[in-house]
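The chain contents come next:
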Amino acid sequence: MNAGKSAELYARAVGLMPGGVNSPVRAMGSIGRDPIFIDRGAGNRVWDVDGNEYVDWVCSWGPLILGHANPDVVGAVTAAAARGTSYGAATAGEVELAAEVADRFASVEMIRMVNSGTEASMSAIRLARAATGRDRVLKFAGAYHGHVDGLLAEAGSGLATQAIPASPGVPRAQAEATAIVPWNDRVAVEQAVDMYEPAAILCEPIPANMGLVPPAEGFLEHLRALADRSGALLICDEVISGFRVARGGAQELLGVRADLTVMGKVIGGGLPAAAYGGPRELLEQVAPAGAVYQAGTLSGNPLAVAAGLATLHRLDAAAYERIGVATDRLASGLERAAADAGGAGRISVSSAPGLVTPFFAAEAPHDFTGSQACDHDAYGRFCRAMLERGFFPPPSQYEAWFVSLAHDDESIDRTCDAAADCFREALA
Ligand SMILES: *Cc1c(COP(=O)(O)O)cnc(C)c1O
């Protein structure tokens, strides 16, 4: 593995951008190495600036469900760009995309497009606060909804679930408007809802930012019932699960109805786009139909809309079937690799359609405490070994592997073969 050019770029980058990157996980610090600079991608592969080829399991952290440089997406973006990159005025594509989303999500009649998942969750919360006349928001430990001030909060010590800032620069008052409870803990959510009367219960219905930690049987139904009982809105952040785990996201897969849905990643097909949506009576409270202000210069950008539409048009029933089969092949292959490497009782694999996490733990975690307790150093050793062999797993135990339609049997099987060696190295 050559690394000269990545090293050179990194040396320049650290003087120009914090940590040399524009989003922290790219720095690869949590697996104890310097970042790789990517030159190009095609299908399930990426190549770095030193010419090393990798089977890519990051896939831009989810948007690239068709793989890199998909010809439909590239064609749609190219055609859109030739007609102008942004107008700051309404376009036909936005109507088509909104209709496509509303068709997929039973709980969504209308959407508002924004540019990032962060913006989408921030705006959905504003709408929930306006609709309920309440301020507090309940979220789950280990769930990520973007870098919104009030959501960069963590549970304080003791019994109280009122949160404290999780980052310098977050006002205490913002963090205190957030209550944090452990995922999959029915009693804790119930107590917090009673105590805080939140505007919203905000969840990733299939959390994938503490590694993949699916909901326990009945947990989402419990959240739905608590929201109904307390007058809170249930906000499902489907930035990862939406358009991925099923045509209509986790809500379809698990049979739960959100009041507001936060979308991102796949919806932009690899360009910056996100959205929040829900029933008409809620969305019509957003400006200019209603009084809740929210706007964006590049929102509904024609290139992003074209990429999103081209992506969604490829995601039919057959596509979801294939992603399910590919996910099972990867998950069972990694399980077998772990067993071959003597990792029985030390590695466990979680999966949901399009998402896989191998945890360095005897049991797949049920909550954030569980995923914090994993052997993160071993995951780091595993990741570094995989990179050396030409495979690009997410460089953090807290991230899921993203399965795309471009991952064929060959790329999956080679990954699992390599994983057996790398698990062995990591456990040694
Ligand atoms: C990535 C992510 C976000 C934030 O989206 P950005 O576009 O990075 O701001 C929000 N929620 C979830 C569940 C995510 O995975």
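Look up: the structure comes first, before these words.
What comes next concerns the included structure. If you're wondering where the values come from, they're calculated on a predicted model, not measured in any experiment. (Residues numbered from 1 in each chain as written. Predicted model: local features only at pLDDT ≥ 70, side-chain atom pairs only at ≥ 80, totals over all residues. Heavy atoms only, no water.)

**Some thoughts on the overall build of the chain**
Operational definition: Secondary structure follows DSSP: runs of H or I at least 4 residues long count as helices, runs of E at least 2 residues long count as strands, and numbering of each begins at the N terminus. With the radius of gyration taken over C-alpha atoms, the globule rule is written as 2.2 Å times the number of residues to the power 0.38. Burial classification: accessible surface area is computed with a 1.4 Å probe over protein chains only, and a residue below 20% of its type maximum counts as buried, one above 50% as exposed, and the rest as partly exposed. By the convention used here, residues are in contact when the closest approach between their heavy atoms is within 4.5 Å. With residues, only the protein chains shown are counted as cover, and all accessible areas are computed by Shrake-Rupley using a 1.4 Å probe. Charged residues are defined narrowly, with Lys and Arg counted positive, Asp and Glu counted negative, and His plus the chain ends left uncounted. By convention, the point assigned to a charge is CZ for Arg, NZ for Lys, CD for Glu and CG for Asp.
Across its full length, the chain holds 14 helices and 16 strands. A compact globule built from 428 residues should have a C-alpha radius of gyration of about 22 Å, and the chain, at 21 Å, falls within 12% of that. Within the chain, the proportion of its 428 residues that are buried is 55%. In the chain, of all internal contacts separated by at least 6 residues, the share reaching a separation of at least 24 is 72%. Put simply, the chain shows about 17,300 Å² of open surface, and 52% of that area lies on carbon and sulfur atoms. Both charge centroids of the chain, one from 33 positive and one from 50 negative side chains, sit 3 Å from each other.

**A word on the sheet that holds strand 16 (residues 401-402)**
Note the threshold: Strands are labelled as partners when DSSP assigns at least two bridges between them.
Reading across from one edge, 13-14-16 is the order of the 3 strands in this open sheet, with antiparallel pairing throughout. One side of each edge strand has no neighbouring strand; the edge strands of this open sheet are strand 13 (348-352) and strand 16. Of the strand pairs in this sheet, strand 14 (residues 355-359) and strand 16 are connected by 2 bridges, and their pairing is antiparallel. Within strand 16, the residue paired with L355 across the bridge is F402.

**Focus: unusual backbone geometry**
A cis amide bond, omega 5°, links A287 with the succeeding residue P288. Within the secondary structure layout, P288 lies in the loop between helix 9 (280-283) and helix 10 (302-314). The phi dihedral of C59 is positive, around 50°, even though this residue is not glycine. On the basis of relative accessible area, C59 is assigned to the buried category, the value being 1%. Not every positive phi belongs to a glycine, and N184 is a case in point at roughly 70°. Mapped onto the elements, N184 comes out in the loop between strand 8 (178-181) and helix 6 (186-196). The class of N184 is buried, set by a relative accessible area of 18%.

**Overview of the packing of aromatic side chains**
What counts here: When the centres of two rings from Phe, Tyr and Trp lie within 6.5 Å, Trp using its six-membered ring, the rings pair. Their planes under 30 degrees apart give stacked, over 60 give edge-to-face, and anything left gives tilted. We call a charge positioned above a ring when the Lys NZ or Arg CZ atom is no farther than 6 Å from the ring centre and deviates by at most 35 degrees from the ring normal.
Counting across every chain of the model gives 13 aromatic pairs. Summarising the aromatic geometry, the rings of F140 and W183 are spaced 5.0 Å apart at their centres and angled 85° between planes, so their arrangement reads as edge-to-face. Of this pair, F140 sits in strand 5 (residues 137-140) while W183 sits in the loop between strand 8 and helix 6, and the two are 43 residues apart along the sequence. Accessibility classification places F140 together with W183 in one group, the buried group. Where F382 meets W401, the ring centres are 6.2 Å apart and the plane angle is 25°; that geometry is what we call stacked. In this pair, F382 sits in helix 13 (residues 376-388) while W401 sits in strand 16, placing the two residues 19 residues apart along the sequence. Overall, W401 belongs to the buried group, its relative accessible area being 0%. One Lys or Arg, R40, reaches over the ring of W47 and ends 4.1 Å from the middle of that ring.

**Some remarks on the pattern of salt bridges**
Spelled out, the test is: Salt bridge, as applied in this entry: a Lys or Arg side-chain nitrogen positioned within 4 Å of an Asp or Glu carboxyl oxygen.
The tally for this structure, following the rule as stated, stands at 17 salt bridges. Note that R104 is salt-bridged to E100, the shortest N-O span being 2.8 Å. Within this pair, R104 and its partner E100 are both found in helix 3 (residues 92-104), separated by 4 residues, close to a single helical turn. E100 shares its class with R104; the two are buried. Its salt-bridge partner being R424, residue D421 comes within 3.3 Å of it at the nearest N-O pair. In this pair, D421 and R424 both sit in helix 14 (residues 409-427), 3 residues apart, roughly one turn of the helix. With relative accessibility at 36%, the residue D421 sits in the partly exposed group.

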